Amino acid sequence: MLDQLLDQQQHAFPAVDGAVELLLGLPKDAWAIVTSGDRVSVHARFAAAGLPLPRVQVYGGDVVQAKPAPECYLKAAAALGLDPSACLVVEDAPAGVAAGKAAGCRVAGFTSTHDRDGLRPADLFFDTHADTAAYLQAAGLLSTGSLA
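Residues numbered from 1 in each chain as written. Predicted model: local features only at pLDDT ≥ 70, side-chain atom pairs only at ≥ 80, totals over all residues. Heavy atoms only, no water.

So, the side chain of Gln57
Stated formally: Secondary structure is summarised from DSSP: a helix means a run of H or I of at least four residues, a strand means a run of E of at least two, and numbering begins at the N terminus for each. Counted as a polar contact is a pair of N or O atoms within 3.5 Å, where, for protein atoms, one must be capable of donating a hydrogen and the other of accepting one, and residues adjacent in sequence contribute only when both atoms are in side chains. Here, residues are in contact when the closest pair of their heavy atoms is within 4.5 Å.
When you line up the elements, Gln57 lands in strand S2 (residues 56-58). A distance of 2.5 Å separates the side chain of Gln57 from the side chain of Tyr59, its partner in a polar contact. Non-local contacts of Gln57, meaning those with residues more than four positions away in its chain, are made with Ile33, Arg39, His43 and Asp62.

Shown next as structure tokens:
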């Protein structure tokens, strides 16, 4: 039902300012999308918003146990060839924060849909895509040419 609604309303969800540049600035094989959504809907929404998709993609149908279970993030880390402790999960939902923490990842709460209290026990917080980009750039994970 949710996927049908999102399919019908995909143009109502434009990319947030800075999202395209942020994603294009990440090394192509160093990030993943991990979502409870389905592949078709997510691909359509990303295409409509002009967002790139990474090589590693984990969807709700790819796991037996949904968030807050850690399976989705463990699958993504394995597909990236990384230990979960080397991964930074950026999550905007409490169940996703719980899943990332349970997987052993470092978790950043992105306060677009929930406030910081709702995203605890995240390790750090980003309030905007600019905050996310600044953190990733300082960590050497984002190309400086990608930021305006």
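Topic: the pattern of salt bridges
This is how the line gets drawn: The salt bridge definition used is simple: a Lys or Arg side-chain nitrogen within 4 Å of an Asp or Glu carboxyl oxygen. A 1.4 Å probe rolled over the protein chains alone gives each residue an accessible area, and that area as a share of the maximum for its type sets the label: buried under 20%, exposed over 50%, partly exposed in between.
Per the counting criterion, the structure on display carries six salt bridges. Residue Lys67 pairs with Glu91 through a salt bridge whose shortest N-O separation is 2.7 Å. Here Glu91 lies in strand S3 (residues 88-91) and Lys67 lies in the loop between S2 and helix H4 (71-80), a separation of 24 residues in the sequence. Each member of the pair Lys67 and Glu91 is classed as buried.

Some thoughts on the pairing of S3
The condition is simple: Assignment of crossover handedness uses the view with strands pointing away from the viewer, where a clockwise path from the first strand over the helix to the second indicates a right-handed crossover.
Alternating positions in S3 separate cleanly, Val89 and Glu91 being buried on one face and Leu88 and Val90 remaining unburied on the opposite face. What joins S3 to strand S4 (residues 106-110) is helix H5 (residues 94-103), and the crossover it makes is right-handed.

Here we look at the packing of aromatic side chains
Two aromatic rings are characterised by how far apart their centres lie and by the angle between their planes. Just so we agree on the cut-off: Any two of the Phe, Tyr and Trp rings considered here, Trp counted by its six-membered ring, make a pair once their centres fall within 6.5 Å; the pair's planes then place it as stacked at under 30 degrees, edge-to-face at over 60, or tilted in between.
Within this structure, the stated rule accounts for one aromatic pair. Summarising the aromatic geometry, the rings of Phe126 and Tyr135 are spaced 5.4 Å apart at their centres and angled 55° between planes, so their arrangement reads as tilted. Judged by its relative accessible area of 3%, Phe126 falls in the buried class.

A word on unusual backbone geometry
Between Lys67 and Pro68 the backbone carries a cis peptide bond, its omega angle lying at 20°. In this structure, the amide linkage connecting Arg120 to the following residue, Pro121, adopts the cis form with an omega of 20°. Mapped onto the secondary structure, Pro121 falls in the loop between S4 and strand S5 (124-126).

With respect to the environment of Phe126
Checked against the element boundaries, Phe126 lands in strand S5. In the structure, Phe126 is positioned 17 residues away from Gly109 in sequence and 6.1 Å away in space, judged by C-alpha atoms. Residues in contact with Phe126, not counting those within four places in the same chain, are Val90, Ala108, Gly109, Phe110, Thr111, Asp131, Thr132 and Tyr135.

It is worth stressing that arrangement in space is one thing and function is another; only the former is reported here.
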